[in-house]
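Single-letter residue listing:
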Amino acid sequence: MIDLRSDTLTQPTEGMKRAMYMAELGDDVYGEDLPTKSLEAYVSALFALPYAVFCPSGTMANQIALGVNTRPRDEVICAAKSHIYCYEGGAWASLSAVSLRLIASETGKITAKDVQDNINADDVHFPRTAMVALENTVNRGGGCYYTASEVADIQKICQQNNLKLHVDGARIFNALLASGESPSAHGQLLDSLSVCLSKGLGAPVGSLLLLKDAAAHKEARRMRKILGGGMRQIGMLAAAGLYALQNQIERLREDHQSAKDIANLLQKLPFVQSVMPCYTNIVLFDIAPAYGSGKQFVDYLGSQGVKASFIGGQQVRFVTHLNLKPADFSVLEAVLERFAV
Ligand SMILES: *Cc1c(COP(=O)(O)O)cnc(C)c1O
């Protein structure tokens with residue numbers, strides 16, 4: 001089986017398992033789990049955001065960010081293709097009682113102008129615009145990314161209008177490797193940032209929510225507890241995350257290269273109608289309707305031992321990650337070339 005559905009499917013490496021085994025454990029609800037404290041301090045320093053909360057998932061980290069950056073009935077500006085809107089079960093409505101102002105865009109990126117144009121006037125008719133949420137890299141945008149200067153343009157508008165700025169950085173390290181920018185160049189612009197350890201970094205579980213201010217940090221720990229995310233001896237998971245951050249970031253470049261190779265190959269195949277520009281580790285492409293639907297194509301791949309994600313309509317997604325072996329790519333190539341002959 002070759003599994004290209006997601007970079008969440010990665011298994012811990014041997015070094016990571018050793019780090020997990022050696023972890024010294026305490027109760028993190030009491031603030032006594034040392035590996036968790038080390039992990040939080042390490043990521044905080046990396047991104048120049050002073051506070052961090054280790055969360056069981058990226059979804060929880062994003063939803064806590066919405067909770068601490070808004071009040072009920074506020075509005076949040078984000079892309080219609082954002083994970084917060086598409087893939088978090090509508091939690092924004094129930095957990096934080098906010099509305100989302102959705103910006104349509106092909107790439108799933110939004111601009112400073114989009115933000116400016118969608119801020120509500122201070123009028124009792126309108127929800128109060130309180131926050132902007134970006135995604136970096138953009139999952140539904142084929143892994144495209146924001147540079148620090150693009151984020152800075154948006155941050156300027158946020159500052160002028162008293163809006164909080166959050167980045168869903170589930171794949172922020174993919175963005176940083178592709179742009180060559182530093183974590184702090186991004187972190188210093190933000191009120192909050194979620195960072196996923198269990199995507200391409202290869203840890204089994206966990207995301208960090210990073211925060212700029214102390215009051216938001218206190219509130220975030222409270223909200224995490226309420227959501228059932230106060231965890232006890234989680235040092236094993238924190239140790240895995242720290243190991244990933246210290247040893248498995250540079251390796252993401254290999255994923256980017258293999259994704260580019262796959263995208264180039266797809267471009268040459270007659271049954272592929274279009275391939276989104278490939279910047280990081282995600283390849284999004286459309287099957288030409290004459291060859292069936294995206295779902296039919298994914299079923300074909302499955303029958304040949306290749307798992308892929310059906311996104312909708314004609315669209316299919318491959319994600320490259322650390323558990324793919326060089327030999328997998330030649331098998332994939334053969335499976336693709338056999339389709340529709
Ligand atoms: C995977 C992902 C998340 C978080 O997902 P969890 O499965 O809840 O950890 C958040 N945002 C984006 C863009 C993602 O791809």
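A short tour of the structure in this document, coming up. What you see is a predicted model, and the numbers here were worked out from it, not measured in a lab.

**Brief notes about the environment of Ser194**
Then, number 1: Looking at the element boundaries, Ser194 is found in strand S7 (residues 192-196).
Then, number 2: For the pair Ser194 and Ala170, spaced 24 residues apart in sequence, the C-alpha separation works out to 6.4 Å.
Then, number 3: Discounting residues that sit within four places of it in the chain, Ser194 has contacts with Ala61, Asn62, His166, Val167, Asp168, Gly169, Ala170, Leu208 and Leu209.

**Describing the packing of aromatic side chains**
Then, number 1: According to the stated counting rule, one finds eleven aromatic pairs in the structure shown.
Then, number 2: Members of the aromatic cluster, each reached through a chain of ring pairs, are Phe271, Phe285, Tyr291, Phe297, Tyr300, Phe318 and Phe339.
Then, number 3: Taking the ring centre of Tyr146 as reference, the NZ or CZ of Lys109 above it sits at 5.3 Å.

**So, the pattern of salt bridges**
Then, number 1: This structure, assessed with the given rule, holds 14 salt bridges.
Then, number 2: In this structure, Arg253 engages Glu250 in a salt bridge whose closest nitrogen and oxygen atoms are separated by 2.8 Å.

**Quick word on the sheet that holds strand S9 (residues 272-275)**
Then, number 1: One open sheet holds the four strands; their spatial order is S9-S10-S13-S12, and the pairing between them is antiparallel. The sheet terminates laterally at S9 and strand S12 (309-312), the two strands that pair on one side only. Across this sheet, the average inter-strand angle for adjacent strands is 30 degrees, counted without regard to direction.
Then, number 2: In this structure, S12 lies alongside strand S13 (residues 315-319), joined through three bridges in antiparallel fashion. Its bridge partner being in S13, Gly312 is matched across the sheet by Gln315.
Then, number 3: Contacting S9, strand S10 (282-287) and S13, helix H12 (residues 252-267) runs over the sheet at an angle of about 15 degrees to S10.

**Comments concerning helix H2 (residues 34-47)**
Then, number 1: In a regular helix each residue adds 1.5 Å, so 14 residues correspond to 20 Å; H2 covers 20 Å between its end C-alpha atoms and thus fits that length.
Then, number 2: Along H2, the positions that sit buried rather than exposed are Pro35, Thr36, Leu39, Glu40, Val43, Ser44 and Phe47. Seen end-on, H2 carries its buried residues on one side only, within an arc spanning 165 degrees.
Then, number 3: If you follow the buried residues of H2, they end up packed against strand S2 (51-55), helix H8 (172-179), helix H9 (183-187), S7, strand S8 (207-211) and helix H11 (235-247).

**Quick notes on the nonpolar core**
Then, number 1: Ranked by internal contacts, the top residues of the largest apolar core, which has 50 residues, are Val132 and Phe173.
Then, number 2: Residues in contact with Phe173, not counting those within four places in the same chain, are Leu46, Phe47, Val195, Leu201, Leu245, Ile249 and Leu252.
Then, number 3: The next biggest cluster of nonpolar side chains, apart from the first, holds 28 residues, and it includes Leu4, Leu265, Leu266 and Val306.

**Some thoughts on the packing of H12 against helix H14 (residues 326-338)**
Then, number 1: At a closest axis distance of 11 Å, the pairing of H12 and H14 adopts a crossing angle of 20 degrees. For the element pair H12 / H14, the angle class is roughly parallel. H12 and H14 meet at a crossing whose hand is right-handed. Contact residues: H12 offers Ser258, Ile262, Leu265 and Leu266, while H14 offers Phe329, Leu332, Glu333, Leu336 and Glu337.
Then, number 2: Residues that form the contact of H12 with H14 fall into these classes: six nonpolar, one polar and two charged.

**Side note on the site of the ligand**
Then, number 1: Surveying the vicinity of the ligand reveals the residues Ser57, Gly58, Thr59, Asn62, His83, Glu135, Asn139, Asp168, Ala170, Arg171 and Lys199.
Then, number 2: Here an oxygen atom of the ligand and a backbone polar atom of Gly58 are 2.8 Å apart.
Then, number 3: Between a nitrogen atom of the ligand and a side-chain N or O atom of Asp168, the distance comes to 2.6 Å.
Then, number 4: Burial of the ligand by the protein amounts to 83% of the accessible area it has alone, namely 380 Å².
Then, number 5: Along the lines of polarity and charge, the residues of the shell around the ligand split into one nonpolar, six polar and four charged.

**Some details on the sheet that holds S8**
Then, number 1: In space, the seven strands of this open sheet follow the order S2-S8-S7-S6-S5-S3-S4, with mixed pairing throughout. At either end of the open sheet lies a strand with only one pairing partner, and these are S2 and strand S4 (99-103). Geometrically, the sheet is characterised by an average inter-axis angle of 20 degrees between neighbouring strands, direction not taken into account.
Then, number 2: Of the pairings in the sheet, the one linking S2 to S8 comprises five bridges and is antiparallel in character. Within S8, the residue paired with Cys55 across the bridge is Ser207.
Then, number 3: Packed on one face of the sheet, helix H7 (residues 148-160) meets strand S5 (128-135) and strand S6 (164-169) and runs near 150 degrees to S6.

**Brief notes about H11**
Then, number 1: For H11, with 13 residues, the first-to-last C-alpha span of 18 Å sits near the 18 Å given by 1.5 Å per residue.
Then, number 2: Every buried residue of H11 is accounted for by Gly235, Leu237, Ala238, Ala239, Ala240, Gly241, Leu242, Ala244 and Leu245.
Then, number 3: If you follow the buried residues of H11, they end up packed against helix H1 (14-22), H2, S2 and H8.

Definitions and cut-offs
Residues numbered from 1 in each chain as written. Predicted model: local features only at pLDDT ≥ 70, side-chain atom pairs only at ≥ 80, totals over all residues. Heavy atoms only, no water. Helix = DSSP H or I, 4+ residues; strand = E, 2+ residues; numbered from the N terminus. Contact = heavy atoms within 4.5 Å. Phe/Tyr/Trp six-rings, centres within 6.5 Å; stacked < 30°, edge-to-face > 60°. Lys NZ or Arg CZ within 6 Å of the ring centre and 35° of its normal. Salt bridge = Lys/Arg side-chain N within 4 Å of Asp/Glu carboxyl O. Pairing = 2+ DSSP bridges. Axes fitted to C-alpha atoms, helices over the stretch in contact; angles between N-to-C directions. Expected span 1.5 Å × (residues − 1). Buried < 20%, exposed > 50% of the residue type's maximum accessible area, 1.4 Å probe, protein only. Arc of directions from axis to C-beta. Core = buried A, V, L, I, M, F, W, Y, C linked by side-chain atoms within 4.5 Å. Parallel < 35°, antiparallel > 145°, perpendicular 65-115°, else oblique. Left-handed = near helix turned anticlockwise from the far one by under 90°. Nonpolar A, V, L, I, M, F, W, Y, C, P; charged D, E, K, R; others polar. Near = heavy atom within 4 Å. Polar contact = N/O pair within 3.5 Å; in protein donor to acceptor, adjacent residues only side chain to side chain. Areas by Shrake-Rupley, 256 points an atom, 1.4 Å probe, with all protein chains shown as cover.

The values are spatial; any link to function lies outside them.
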